[in-house]
Structure formats: structure tokens, C-alpha cells
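Coordinate analysis (summary)
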Amino acid sequence: MIIDNIKTIYQKSPVFIQNMLISAYGLYLRRRKLGGVFSEQVQQFRYRENYTAEQWKEYQTIRLRKLLLHAYNTVPYYKELYSNHGFKSSDFSHFEIEHLKELPYLEKDALRKYGTSTLLSSKRPKGAFLSSSGSTGTPVKIFFSNEAYQTWNAAYEARVRNWAGVDHKMARGMIGGRRILPEAHAIPPYFRYNYAEKQSYFSAYHLSPDTVSNYLEGIIKNKVEYMVGYAVSNYLLAEFIEKKGLQAPKLKAVLTSSEKLTSEMRDTMERVYKCKVFDAYSGVEACGLISENKDGELLFSPDTGILEVVDDAGMNVSAGEVGEVISTGFINFDQPLIRYRIGDRVTLAENQKTESGISMLKIEEIEGRMEDIIVTKDGREMVRFHGLFIDIPKLVVSQLIQNSIEDFTINLVVEEGFSKDAEREIKRRLQSQVGEVTVSFNYLKDIPKNRNGKFRAVISKIKA
């Protein structure tokens, strides 16, 4: 109720009040993310970068045993699951990484069903849930204690920001999923400012050739040093700047995530901002981090978890081959994700030797995060519609299809008890994002997948 009231106040407030409210929330997040163990953990992540392959195996083995014992003894879901598969607590005291394949997968639907109940540790401290529907359209809630949240942000600081030559103290621009402008047809400015973190937050939902000059104005006015956020949105912004003949300031870096980064997107952003682009892959589940270093190598951080890359039979693929990602997270012991089928695919680099000398698994390409661009009748282009489906009760899987500029279909897989109120809320959210459009709902037993076992969460049948 309090949160709803604050949202109502925000939506009805002038821009400077909205900036104050965002900054107050930013101050809360700053303390939660960067307080406590954050600084100590940043140093630990930096120190471990020099580990040899043998040191990494020893580290991961010790961490895995601790995680499995903790999960078996304090998490009801795993106690039942592993007991049913013949495991006892004592089996995990001398468990080896090579035996991971003997453990069953954690499916995304199980996380959706039990993530707020039996998948939580009975020993967890106080914390909060973060919501996401991810790239697969399945809504999930992830629990973070303050310490786990600080540790995860320390990993991001050390292996994403620092590898790109920037840090959290620098002024940054962000294009993400938060609806900072309440309506589809908002007036400029198309950004808000978080004074607590020197963060300029740009709307991902109002980008067009007609609005780009205001985005550039925000970058210049707030002295943005580096950009972060959605790969496609950052690319569209750079592309519009270039096509309009505008001059962007030289940045220190662009850090992309959430969608597949193509060479065309990278080239455009590097040309416009005169800096390097660094890609990364993780997710709200925080059970593994892949990030790009200064040598252009995509490396998996072994201290964030264990990354298995498997074929359709569940066997490890060889270097140079593509496979499904199976993640076991080391950061969050309060809601452990063990052999989690996150729903993405990667290609392992054929040559695992790194130019940087870092002994980490090298990834050639991150696949399966490409979504179509939705185009509105007023010329805006946008991606990432997961906000339509967050916290919708009884929703299993979702998919958005744009048939024409003003006609959309939403495919849903739901459980018994899914209500018309939920349907109306999804429609309201979509129309507030793209404007007045026709929306039809299609209820399915399952959403058809493509050859790699995934489906696009967003499909557009018109050309951007």
C-alpha cells in the first residue's frame, strides 16, 4: 500500500520532485549495495583473478561442498529432492565437481513455484525479493540478504566495471527496464537524475529519431562518463545520434547486458562514443557472471558459481561447441540455485588460452538473448517487455507478439485461478508503454520453441 502511494505521488509530481524521490530510493539502494561487506568483497574478487586453474578447482570444490551441505540441511526443497535421489548429508562432505551431473536439474518452473517458500533456507537472515521474468518469459522472485546483495554487486564492480576501466563512483548513464516516465506519450525530458549515485536514468521506452536530442542533452548536462544497460537500447540511442548528425561526448566505456550484442551494435556504439564496448551476462538469479575484459575476452568468473555447458543429452560440450547453460550459484546461500536451467545458451571458445593470462573459462558467444524491436505509431523503438508480466499471479510463461503497429497478441501459459483482472492489468501495462493498441490474449498449453529449445519472448512482424 505504501509503495503504491509513493508510485502515485511520483506519477503526479513535477520532474524535480521525481528526481528527489528517485534520489531517495537511490540512497537506500546505495547503502544496501555498497555498504557492509562490499569493499572487502571487491578486494577478494580482485585477488582471486590471479588464481591458477588448480587454485580455482580447489576453491570451487570447497565452495560447492559447503553449498550442498547447507542446501540439504536447511532448504526443504533440496532435502526432499536429494533424498528421493538417494543422497544423504554425509555424501556432500567429500563431493567432487565431476559428480554434479548426478544431481537433478532445478527447472525454472520449480523456482517460480517454490522460490518464496521451500526453496528458501531456514537459516536465512532478513532480506528482500527481486522480481524478473527474464528472457524466457517465466516470472521468478529471487531472495537476497544484504550480504549476498553486496557480494553480488562487488562481483559486478570488480569483473564488469573495473575490467572496463570504470567504477561505481563515476557518473553513469543507464538505460534499463524501470518506467521512469509514467505514460507512453510523455513529454521531455526523457531522463531522470539520481543524485545519490550520479546516475542519469534514460527511458528505454521513448527512443526515436525525434527524441534523441533530449537524450544527448541529458548525457552532456549530467557529465555522463560511461553508459550501461540494455544492449539494444544503447545501440538504438547511438544509431539515432549518428543518423541525426549529432555529436556525442567521448565516453570511457559502454557496458551492455540483457540482450545479444552483435558486431554491428558494438561498432556503432564505439564509433559514436569513441570508446570500447564491454559485454556481460548474468541475470537477476545471480548464479554466474560472464564479463568482457580489456583484451576482448568473455570470461566466466568461477567464484560466482559453476558453469556447465551441456548438449541435449546433458553431457559437457567440447571447446568450440554450443550448449545449454546449467548454473550453480555461489553467492546466494539463502535461496540456493543448484544445477539451474536458466534457459540460455553459450558457445565455448575453441582456444581456451587467454591473452590476459587469466585462468577462467572463455566464452566465444552468448546466445539466446535476442528479442525483436517493437515499433510504436509515433516512431518510438523499444525492447524488453518483461515488466508486463512481473508479479502477475498464476502466470507460468508469456510471449508478446506485435502483428502490426496497433495490433498485439499475448500468448500465455497459466495455472488454474488466473483471473481476468490479471489479463486487464497486463493490457493496461502494455498500453501505458506503447500507447492505445488492440490486445488479444491467446492461452496455450505450451509456447512453441525453436531449434535451440528456446522461444523469443518478444516477436515483431513489422520491420523496425
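Now for a quick tour of the structure. (Residues numbered from 1 in each chain as written. Predicted model: local features only at pLDDT ≥ 70, side-chain atom pairs only at ≥ 80, totals over all residues. Heavy atoms only, no water.)

The next thing to look at is the pattern of salt bridges. Scanning the entire structure with this criterion turns up 29 salt bridges. Residue Glu 365 pairs with Lys 260 through a salt bridge whose shortest N-O separation is 2.1 Å. Of this pair, Glu 365 sits in strand β14 (residues 362-367) while Lys 260 sits in the loop between β7 (253-257) and α10 (263-273); the two residues are 105 residues apart in sequence, bridging distant segments of the chain. Overall, Glu 365 belongs to the partly exposed group, its relative accessible area being 30%. Looking at Lys 260, the relative accessible area reads 18%, which means it is buried. One continuous salt-bridge network, built from bridges that share partners, spans Arg 48, Glu 49, Arg 159 and Asp 303. (Salt bridge = Lys/Arg side-chain N within 4 Å of Asp/Glu carboxyl O. Helix = DSSP H or I, 4+ residues; strand = E, 2+ residues; numbered from the N terminus. Buried < 20%, exposed > 50% of the residue type's maximum accessible area, 1.4 Å probe, protein only.)

Moving on to unusual backbone geometry. Geometrically, the link from Pro 188 to Pro 189 is a cis peptide bond, its omega value of 5 degrees lying close to zero. With respect to the helices and strands, the residue Pro 189 is situated in the loop between β3 (172-176) and β4 (191-194). Here the phi dihedral of Lys 198 falls at roughly 50 degrees; this positive angle occurs in a residue that is not glycine. With respect to the secondary-structure elements, Lys 198 resides in the loop between β4 and β5 (199-203). Using a relative accessible area of 37% as the deciding quantity, one classes Lys 198 as partly exposed. The residue Lys 394 is not glycine, and still its phi comes out positive at about 65 degrees.

For helix α9 (residues 231-243), with 13 residues, the first-to-last C-alpha span of 18 Å sits near the 18 Å given by 1.5 Å per residue. Counting buried positions over the 13 residues of α9 gives 11, a clear majority of the element. Positive phi appears at Gly 245, one or two residues downstream of α9, with a value of about 75 degrees. (Expected span 1.5 Å × (residues − 1).)

Bringing the nonpolar core into the picture now. Core analysis: the largest hydrophobic core is formed by 67 residues, its most contacted members being Tyr 78, Tyr 82, Leu 103 and Leu 255. Element by element, the count of residues in this core is highest for helix α7 (residues 146-161), at seven residues. Apart from residues lying up to four places away in sequence, Tyr 82 is in contact with Leu 68, Tyr 72, Phe 87, Phe 92, Leu 103, Pro 104 and Ile 338. Counting residues in hydrophobic clusters, the runner-up holds 61 residues, among them Met 227, Ile 373, Val 434 and Val 439. (Core = buried A, V, L, I, M, F, W, Y, C linked by side-chain atoms within 4.5 Å. Contact = heavy atoms within 4.5 Å.)

Attention now goes to the environment of Pro 125. The topology assignment puts Pro 125 in the loop between α6 (108-114) and β1 (127-132). Among the residues examined, Pro 125 registers a relative accessible area of 45% and is labelled partly exposed. Along the sequence, Pro 125 and Ser 145 sit 20 residues apart, while their C-alpha atoms lie 6.2 Å from each other. What Pro 125 contacts, discounting residues up to four positions off in sequence, is Phe 143, Ser 145 and Asp 334.

The final tally for this structure, using the stated rule, is 20 aromatic pairs. Residues Tyr 72 and Phe 92 carry aromatic rings whose centres are separated by 5.8 Å and whose planes lie at 55 degrees to one another, so their mutual orientation is tilted. Taken together, the residues Tyr 72 in helix α4 (residues 53-74) and Phe 92 in the loop between α5 (76-84) and α6 connect sequence positions 20 residues apart. Owing to a relative accessible area of 8%, Tyr 72 belongs among the buried residues under this scheme. Judged by its relative accessible area of 0%, Phe 92 falls in the buried class. (Phe/Tyr/Trp six-rings, centres within 6.5 Å; stacked < 30°, edge-to-face > 60°.)

The strand order across the open sheet built from four strands is β19-β18-β17-β20, with neighbouring strands paired in mixed fashion. Taken across any chain shown, the strands that pair with only one partner, and hence form the sheet edges, are β19 (438-443) and β20 (458-460). Looking at each pair of strands side by side, their axes are set apart by 20 degrees on average, direction ignored. Bridge analysis of strand β18 (residues 407-414) against β19 gives six bridges, and the strand direction is parallel. Bridge assignment links Ile 410 to a residue of β19, and that residue is Phe 441. Lying on the sheet, helix α11 (residues 420-434) is in contact with β17 (395-404), β18 and β19; it crosses β19 at an angle near 140 degrees. (Pairing = 2+ DSSP bridges. Axes fitted to C-alpha atoms, helices over the stretch in contact; angles between N-to-C directions.)

With respect to topology, 12 strands assemble into an open sheet ordered β4-β5-β3-β6-β7-β8-β9-β10-β14-β13-β12-β11, the strand pairing being mixed. Because the sheet does not close on itself, it has two edges, and the strands there are β4 and β11 (305-310). Taking the axes of each pair of neighbouring strands and ignoring which way they run, one obtains an average angle of 30 degrees across the sheet. Pairing geometry for strand β6 (residues 226-230) and β7, over five bridges, is parallel. Its bridge partner lying in β7, Val 228 is registered against Leu 255. Strands β3, β6, β7, β8 (277-281) and β9 (290-292) of the sheet are contacted by α7, whose axis makes an angle of about 125 degrees with β7.

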